[in-house]
Amino acid sequence: MVTYLDAAATTRVDQRVADVVLHWMTAEFGNAGSRHEYGTRAKRAVERAREHLAGTVGAEPDELIFTSGATESNNIALLGLAPYGERTGRRHIITSAIEHKAVLEPLEHLASRGFDVEFLKPGASGRIEVGAVMERLRPDTLVVSLMHVNNETGVIQPVADLARELQATATYLHVDAAQGYGKVPGDLTAPIDMISISGHKIGAPKGVGALVTRRREDNDDERPPLEPIMFGGGQERKLRPGTLPVPLIMGLAEAAKIFEAEHAQWQAAAREVRSRILQGLAPARFHVNGDQEHVVPHILNLSFEDVNSEAFLVMLKDLVAVATGSACTSASYTPSHVLTAMDLPDEVASNGLRFSWFPAQAEGLDVEELARGVEKLRPRA
C-alpha cells in the first residue's frame, strides 16, 4: 500500500467534516441569500461559522470573507489593493522569492502595471529576516506579502514580529497562511492586516477558504482599502461575489474546530513521524533543507546524496506519495524555485523531495524499506 506523504498538497477530508458537509448539502440545502426559512437557517449557520473562524485568528466576524481558497484570497488582497496604490503613488511592494505561485504571479502582473516589486532571498536558512524587510521599507511601500509557512520546506516565517514592526507604518502586511493556519495558531493573532486561509490543508474540502482584512488597532474604521476584482452580486462585503457555498463553509468551520481541539495530539504525533523518518533514513545520506529551529512538525524537505528526485518519484511510487515541490509546479522537471532562492548547491536544489503528512495517514510507512529503495537508486561504484 502506498503511504500518503503529500499533506502539504492536500489532506483527506476528515469524516466528521464530511458528515457536516453532507448535512448542509442534503438536509439543509438553502441559499444563504434567500429570505425564506431555508435561506435564513443557512445564513445563520454561515454567520456562526464566520464568527468561529474569525475568532481563531483574533479577528472580528465582519473582518472575514469567504473565498474559494488561499489562491483567490491572495489575488483579492494583492490585486484589490492595487488601485489604491495607483491613486496614491504607493507602488513599491516587498515580497520574498520563496512565495507560492499564488502570490508570485499576481505580483508579476502588478509589476507589468508599473509596480516596483522587490523579491527578498532568504539564504540557506529559508527564513526571511524582519530586519531585511524593514531595511527596504520606503515611504511609497504599499504592502509587504510574506507567507506564514513555506509550502516546500516547512520553515516558519517571522510574520508575527513583522506585523508588530509594520503597525507603526502606513505599509500593509499580507500573509499567505495556507500552510500555517491551524498549525502555528498563535502567530496569526498578531496584528496582520490581511490573512489568506485555505481549507483543504486542515481536513476541510477543496474549494473553500477565507480572507481576513483586519482593522488597525489605532483606527477602528481603517482596514486595507481593497477593491473587488470580480463582480456579480456583491456578496461578502462587495469584495467577493457569488452564492455562498454553505456546505463547504460549514465544513471549513468544523475542520477548524476539530484541528483546534486536537492540535496538541496532532503536533505530538506529527513530531513522532518526523523523528521516525529522520532516524530510519539516516543510513541513506541526505541533506535537510531549511532552518530546523523554525519549522512545522509535518513538513520535511530532503535531498538525498547521488539520488535523482525524479527517479525517486518514479521508482518508489508504489511505496510513498511525495512531491518535488508545491503541487502547482511538481508536474514540471525544473528545480524548485524555493530551494534555488536559498542558494543551495545545484545538486541539492535540483533534487529536493518534500515529505509532508497528517500522522494518521503515515501510520503504515515502512521507513526501512524506503531507505533500502533509496540505496537502490544510487549509481553502482
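As a reminder, the structure under discussion sits directly above these lines.
Rules and cut-offs
- Residues numbered from 1 in each chain as written.
- Predicted model: local features only at pLDDT ≥ 70, side-chain atom pairs only at ≥ 80, totals over all residues.
- Heavy atoms only, no water.
- Pairing = 2+ DSSP bridges.
- Helix = DSSP H or I, 4+ residues; strand = E, 2+ residues; numbered from the N terminus.
- Axes fitted to C-alpha atoms, helices over the stretch in contact; angles between N-to-C directions.
- Contact = heavy atoms within 4.5 Å.
- Buried < 20%, exposed > 50% of the residue type's maximum accessible area, 1.4 Å probe, protein only.
- Right-handed = clockwise from strand over helix to strand, strands pointing away.
- Expected span 1.5 Å × (residues − 1).
- Core = buried A, V, L, I, M, F, W, Y, C linked by side-chain atoms within 4.5 Å.
- Left-handed = near helix turned anticlockwise from the far one by under 90°.
- Polar contact = N/O pair within 3.5 Å; in protein donor to acceptor, adjacent residues only side chain to side chain.

A. Local environment of the sheet that holds strand β7 (residues 194-198). Pairing in this open sheet of seven strands is mixed, and the strands run β2-β8-β7-β6-β5-β3-β4 from one edge to the other. Two strands bound the open sheet, and with one partner strand each, they are β2 (64-67) and β4 (116-120). Each strand axis lies, on average, 20 degrees off the axis of its neighbour in the sheet, ignoring direction. Contacts from helix α7 (residues 159-166) reach β5 (141-145) and β6 (172-176), with the element oriented near 165 degrees to β6.

B. Geometry of the environment of Leu120. Relative to the helices and strands, Leu120 resides in strand β4. Classification of Leu120 by relative accessible area gives buried; the value is 6%. Sequence spacing of Leu120 and Thr153 is 33 residues, and the spatial spacing of their C-alpha atoms is 17 Å. With residues up to four places along the chain from it excluded, the contact list for Leu120 reads Ile94, Thr95, Ser96, Ala97, Ile128, Ala132, Val133 and Arg136.

C. Quick peek at the pairing of strand β3 (residues 92-96). Most of β3 is tucked away: five of the five residues are buried. Residue alternation in β3 divides its side chains into two sets, His92, Ile94 and Ser96 and Ile93 and Thr95, and both sets are buried. Direction of pairing for β3 relative to β4: parallel, over a ladder of five bridges. Paired with Ile94 across the strands is Glu118, a residue of β4. Handedness of the β-α-β unit built from β3, helix α5 (residues 101-112) and β4 comes out right-handed. Pairing between β3 and β5: four bridges, direction parallel.

D. Quick peek at helix α8 (residues 246-261). Under the 1.5 Å per step criterion, the end-to-end length of α8 is 23 Å for 16 residues, consistent within 8% with the ideal 22 Å. Most of α8 is tucked away: twelve of the 16 residues are buried. Considered for burial, the residues of α8 that qualify are Val246, Pro247, Leu248, Ile249, Met250, Gly251, Leu252, Ala253, Ala255, Ala256, Ile258 and Phe259.

E. Local environment of the nonpolar core. Of all hydrophobic cores here, the largest spans 80 residues; its most connected members are Phe304, Phe312 and Phe355. Of all the elements, α8 adds the most residues to this core, at ten residues. Apart from residues lying up to four places away in sequence, Phe312 is in contact with Phe304, Lys317, Val320, Val322, Leu353, Phe355, Leu370, Val374 and Leu377. Grouped together as the second largest cluster of nonpolar side chains are 20 residues, Leu79, Ile93, Tyr172 and Met194 included.

F. How the structure looks around the packing of helix α2 (residues 37-56) against α8. One way to put it is that α2 packs onto α8 with a least axis distance of 9 Å and a crossing angle of 35 degrees. In the packing of α2 onto α8, the handedness of the crossing is left-handed. Facing Ala42, Ala45, Val46, Ala49, His52, Leu53 and Thr56 of α2, the residues of α8 in contact are Val246, Ile249, Met250, Leu252, Ala253, Ala256, Lys257 and Glu260.

G. The side chain of His148, seen in detail. Counting through the fold element by element, His148 comes out in the loop between β5 and α7. With relative accessibility at 0%, the residue His148 sits in the buried group. Only 3.1 Å separates the side chain of His148 from the side chain of Asp187, close enough to count as a polar contact. Ignoring anything within four residues of it in the chain, the contact list for His148 reads Val155, Ile156, Gln157, Val159, Val175, Asp176, Ala177, Gly180, Tyr181, Val184, Asp187 and Leu188.

H. Inspection of unusual backbone geometry at higher detail. Non-glycine residue Arg285 carries a positive phi angle of around 55 degrees. Within the element layout of this structure, Arg285 appears in the loop between α9 (263-281) and β9 (286-288). Looking at Arg285, the relative accessible area reads 36%, which means it is partly exposed. The phi torsion at Asp306 lies on the positive side, around 60 degrees, for a residue other than glycine. Along the chain, Asp306 falls in the loop between β10 (299-304) and α10 (309-315). A relative accessible area of 55% means that Asp306 is categorised as exposed.

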